[in-house]
Amino acid sequence: NVPVEKRAADYLQAAAMTAPLLGTGIGTPVCETYNAACGELAVLLRNSEGGQLWNHPLTLAGSSSTYHLRLEPAANAVWAPDYFTSLELEQQIKEKLIKKENIQQGVGGALVGVRIANPPEKFTPPKGIAAPVTATLDFHGNAATLALRRPAKQPTASVEGKVHPLEANFSAPISYYQPPGNPLFIGLMGALRAAHYEKKTGLYFLQPYDPDRIPLVFVHGLISTPFDWVKTINGLQADPEIRKHYQFWVFAYPTGNPVLYSALRLREELAKVDKLYPNHKDYVLVGHSMGGLLSQAQVTSMTRADWEQTLGEPAMQIFASLRPADLVARATTFKANPRIKRVV
């Protein structure tokens, strides 16, 4: 029942009291109090009252002090204050598929930033796009600056005049994309009733697009879904160099469709990325089973004449099974994508 402004002032006071003592060590009661205050304050202001208090200079009166709060603007290792439409505490995310969390101990409140745009942005999952965020507070007297830092981009930051590692949970943003109740059943239905899952075919970014990081595109196999890659991605993210240099995308498709058609859909999705983000770094494709065939097709150049010369009559049967005619030409004529650096 306490007003939002009063609660925010209390969080600021707790952070102001503990910030000068952060040098006593990571994981101490002082550090944990500071971290909780930073995270709770950011979530409170971003999510309360429709976000009306967010990203505006605020004067907040506490029990013993009055604080003047502002948000740090966007920078190379700081998220823009209005980029995310909501913030969630890491412990609010249920991690159903991940057994071992990738957690970095340090300073600041570990959060998950969620962006849901209307209309939806291209390559964004239906639930929006999520990323690790670390909230920190710096004080100059009663003037406080709240920053939403990017721990995957820069694992340390200067807080209260000293460089500290940032507290972060790199598993929680992946777990934000909750799997269906039975992923194996969904994968089976995608193989048996492909037409029912056609609308979900596409390339999805699991993190906000970053022109400085290499896209690592995962393509699942037969009777599978993109959720089969969760543990793999989580394991890769345990390496700070991989977090720093790679971003993770997945290609979803019903595996009951012809391989050539699914390869066409992947090729067209990558072409859309090339057009929308011409400055992206070259891709690395990671395919499993049938996904390996789709991936290999992206670096292979083939014409219809090549198919007929190689396969003869079976090639004609393949072409006859594809309709309409323009689909035949698109699906069976491959041109290697020069933006693909490697296929694994």
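These lines cover the structure that appears in this document, whether it is placed above or below. (Residues numbered from 1 in each chain as written. Predicted model: local features only at pLDDT ≥ 70, side-chain atom pairs only at ≥ 80, totals over all residues. Heavy atoms only, no water.)

1. As for empty space enclosed by the protein
Next up, step 1: On inspection of all chains with the given rule, the structure shows 3 cavities of 30 Å³ or more.
Next up, step 2: When its volume is computed, the largest cavity comes out at roughly 90 Å³.
Next up, step 3: Contributing to the lining of the largest cavity are Trp79, Ala131, Pro132, Arg150, Pro151, Ala152, Lys153, Gln207, Pro208, Asp210 and Arg213.
Next up, step 4: Counted by class, the lining of the largest cavity contains 6 nonpolar, 1 polar and 4 charged residues. (1 Å grid on protein atoms, 1.4 Å probe; cavity = no way out; pocket = protein on both sides within 12 Å on 5 of 7 lines; lining within 4 Å. Points joined across faces, edges and corners; volume = space filled by probe spheres on them. Nonpolar A, V, L, I, M, F, W, Y, C, P; charged D, E, K, R; others polar.)

2. Re the packing of aromatic side chains
Next up, step 1: Inspection of the entire model under this criterion finds 14 aromatic pairs.
Next up, step 2: Plain terms: the ring middles of tyrosine 67 and phenylalanine 139 are 6.3 Å apart, the flat faces sit at 70° to each other, and that makes the pair edge-to-face. One end of the pair, tyrosine 67, is in strand β2 (residues 66–71); the other, phenylalanine 139, is in strand β6 (residues 129–140), and 72 residues separate them in sequence.
Next up, step 3: Given the relative accessible area of 10%, phenylalanine 139 is considered buried.
Next up, step 4: With a centroid separation of 5.5 Å and 75° between ring planes, the pair formed by tyrosine 176 and tyrosine 177 is classed as edge-to-face. By the burial criterion, tyrosine 176 is buried, and tyrosine 177 matches it.
Next up, step 5: Taken together, Phe123, Phe205, Tyr209, Trp249, Tyr277 and Tyr283 form an aromatic cluster joined through their ring pairs.
Next up, step 6: The ring of tyrosine 176 has lysine 127 sitting right over it, with the charged end atom 4.3 Å from the ring centre.
Next up, step 7: The lysine or arginine in question, arginine 243, covers the ring of phenylalanine 170, its NZ or CZ lying 3.8 Å from the ring centre. (Phe/Tyr/Trp six-rings, centres within 6.5 Å; stacked < 30°, edge-to-face > 60°. Helix = DSSP H or I, 4+ residues; strand = E, 2+ residues; numbered from the N terminus. Buried < 20%, exposed > 50% of the residue type's maximum accessible area, 1.4 Å probe, protein only. Lys NZ or Arg CZ within 6 Å of the ring centre and 35° of its normal.)

3. Some details on the pairing of strand β13 (residues 246–252)
Note on strand geometry: in a regular strand, side chains alternate between the two faces of the sheet.
Next up, step 1: Of all 7 residues in β13, 6 are buried, a share of seventy percent or more.
Next up, step 2: Where strand β11 (residues 202–205) and β13 come together, 4 bridges link them in antiparallel fashion. Bridging from a neighbouring strand, tyrosine 204 pairs with valine 250 of β13.
Next up, step 3: In terms of strand pairing, strand β12 (residues 214–219) meets β13 through 6 bridges, oriented parallel. Within β13, the residue paired with proline 215 across the bridge is glutamine 247. (Pairing = 2+ DSSP bridges.)

4. Quick look at the packing of helix α7 (residues 259–276) against helix α8 (residues 290–297)
Next up, step 1: The interhelical angle for the contact between α7 and α8, taken along N-to-C directions, is 60°, at an axis separation of 9 Å. In terms of orientation, α7 lies oblique with respect to α8. Classified by chirality, the crossing of α8 by α7 is right-handed. Residues Val259, Ser262, Ala263 and Leu266 of α7 form the contact with α8, whose participating residues are Met290, Leu293, Leu294 and Ala297.
Next up, step 2: Broken down by class, the residue content of the contact of α7 with α8 amounts to 7 nonpolar, 1 polar and no charged. (Axes fitted to C-alpha atoms, helices over the stretch in contact; angles between N-to-C directions. Parallel < 35°, antiparallel > 145°, perpendicular 65-115°, else oblique. Left-handed = near helix turned anticlockwise from the far one by under 90°. Contact = heavy atoms within 4.5 Å.)

5. Focus: the sheet that holds strand β5 (residues 109–115)
Next up, step 1: On the basis of which strands lie adjacent, the open sheet formed by 6 strands has the order β1-β2-β7-β6-β5-β3 and mixed pairing. Two strands close off the open sheet at either side, each with one partner strand: β1 (58–61) and β3 (86–89). Across the sheet, the axes of successive neighbouring strands diverge by a mean angle of 35°, strand direction being ignored.
Next up, step 2: When β6 meets strand β7 (residues 143–149), the two strands line up antiparallel, connected through 7 bridges. Note on β7: the bridge partner recorded for histidine 140 is alanine 143.

6. Some remarks on the sheet that holds strand β15 (residues 340–343)
Next up, step 1: Strand order in the open sheet made by the 5 strands is β11-β13-β12-β14-β15, with mixed pairing throughout. Single-partner strands in this sheet number two, and they are β11 and β15. Adjacent strand axes in the sheet meet at a mean angle of 25° when their direction is disregarded.
Next up, step 2: Pairing of β12 with strand β14 (residues 283–287), which is carried by 4 bridges, proceeds in the parallel orientation.

7. Description of the environment of isoleucine 340
Next up, step 1: Relative to the helices and strands, isoleucine 340 is located in strand β15.
Next up, step 2: Remark: the alpha-carbon pair of isoleucine 340 and serine 65, spanning 275 residues in sequence, is separated by 57 Å.
Next up, step 3: In this structure isoleucine 340 touches Leu270, Tyr283, Leu285, Gln298 and Val299, once residues within four positions along its chain are discounted.

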